[in-house]
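Below, each chain spelled out in residue letters.
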Amino acid sequence: MRITGQTRLAGVTGDPVAHSLSPLMMSHWIAASGLDAAYLPFPVAPTDFSDFVRGLAKSPSVSGLNVTLPHKEAALALADKATPAALAIGAANLLTFRGGEIHADNTDADGFLAALEPAEPDYGNAIALVLGAGGAARALVHALLTSGCATILLSNRTRSRADAIADEIAPEAEIIDWQDRDEALARADLVVNATSLGLKGGSELELDWSAARKGAIAFDSVYVPLRTGFLRGAEEAGLQAIDGLDMLIGQARPSFAAFFGCDAPHDPPVRPVLLDALGGRS
Ligand code: NAP
């Protein structure tokens, strides 16, 4: 990588940020595009977040930042402008710096829809079951709403968090008690794990796949490990299983375009690069 006086800069900030695949992904696309640009990781504590972002936003060399945990809500709060997606989700994963203003967006919903695209979901006739009610679930529910999903079933261990999503962004969603999730699974054309269950070193999401619809789509937002118990169960029951890595790639593409003014190239593909990096973590 060659840094010049004109190099465009962007990065990702979180606490911690060392695990982030974004620098690898963005650097791959920068090299493939031949851009004079660099993308760097910035570990920043919550107490320093606002000063850090506001300071960086003052430099014309810096296009913006991706934001990961635990700063996503704070990123939305400090922005001068926010997209409808960021406002609906209540968090931002993308800040762009434009003429002294900080603009917030959330591209997780785009990433989810991009990951599902090859399975060609018929959203207009689909019953979707979303398991979880944290930040990821909120983004996925927003994505389903913007895609015209016919019916959204929402189930979370802590029911009040699912109720809050329904109240705030999805009043027509049907809330399912956590202990009744298997009955809802039997109705679903699309089932989504938006909990953190299945993450490496943690517990798996327990589901009775025997009643699930064959040919339905099962999507797991978890990507470490890539093959979770959720995806194995879905596949064995005859569902189409989609892992969380394509959502990660799909949420990064709009960020790349916002930072560097061109689309992230599809060739050479970035997924093998990330799989290689994940090899040591799965
Ligand atoms: P979060 O806000 O902390 O929410 C965690 C969710 O998991 C909550 O619904 C929580 O339920 C549920 N949960 C945790 N432990 C549980 C247990 N033992 N039993 C039942 N439910 C449990 O996290 P998040 O930001 O939404 O992230 C969720 C997952 O999505 C993470 O694995 C994250 O890595 C992944 N993600 C992936 C992408 C991607 O690009 N692929 C993007 C964003 C997030 P309660 O409300 O009851 O605690």
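Remember, predicted model here, so these are calculated numbers, not experimental data.

Here is what the cut-offs are and how they apply
Residues numbered from 1 in each chain as written. Predicted model: local features only at pLDDT ≥ 70, side-chain atom pairs only at ≥ 80, totals over all residues. Heavy atoms only, no water. Near = heavy atom within 4 Å. Polar contact = N/O pair within 3.5 Å; in protein donor to acceptor, adjacent residues only side chain to side chain. Areas by Shrake-Rupley, 256 points an atom, 1.4 Å probe, with all protein chains shown as cover. Helix = DSSP H or I, 4+ residues; strand = E, 2+ residues; numbered from the N terminus. Nonpolar A, V, L, I, M, F, W, Y, C, P; charged D, E, K, R; others polar. Buried < 20%, exposed > 50% of the residue type's maximum accessible area, 1.4 Å probe, protein only. Contact = heavy atoms within 4.5 Å. Salt bridge = Lys/Arg side-chain N within 4 Å of Asp/Glu carboxyl O.

Account for the site of the ligand, naming residues and giving values.
Near the ligand, the surroundings consist of 21 residues, among which Ala136, Asn156, Arg157, Thr158 and Arg161 are the closest. Within the backbone of Ala136, a nitrogen or oxygen atom sits 2.8 Å from an oxygen atom of the ligand. Gly244 is positioned with one of its backbone polar atoms (N or O) 3.0 Å from a nitrogen atom of the ligand. Summarising the interface, the protein chains cover 76% of the accessible area of the ligand, which totals 930 Å² for the free molecule. Those elements that place two or more of their residues in the shell around the ligand are α6 (135-146) and α10 (245-260). Looking at the shell around the ligand residue by residue, the class counts come to ten nonpolar, nine polar and two charged.

I'd like to hear about the environment of Leu129, residue by residue, with values.
Within the secondary structure, Leu129 is located in strand β7 (residues 127-131). For Leu129, a relative accessible area of 0% puts it in the buried group. Counting along the chain gives 27 residues from Leu129 to Asn156, while the straight-line C-alpha distance between them is 11 Å. Apart from the residues within four sequence positions on either side, Leu129 is in contact with Leu153, Ser155, Arg181, Ala184, Leu185, Ala188, Leu190, Val191 and Val192.

Describe in detail the pattern of salt bridges, supporting the description with residues and values.
Applying the stated rule across the entire model yields ten salt bridges. Among the ionic pairs, Arg187 bridges to Glu174, the shortest N-O distance being 3.1 Å. Taken together, the positions of Arg187 in helix α8 (residues 181-187) and Glu174 in strand β9 (residues 174-176) put the pair 13 residues apart, joining distant regions of the chain. Judged by its relative accessible area of 34%, Glu174 is partly exposed. A network of salt bridges, in which partner residues are shared, links Arg159, Asp163 and Asp177.

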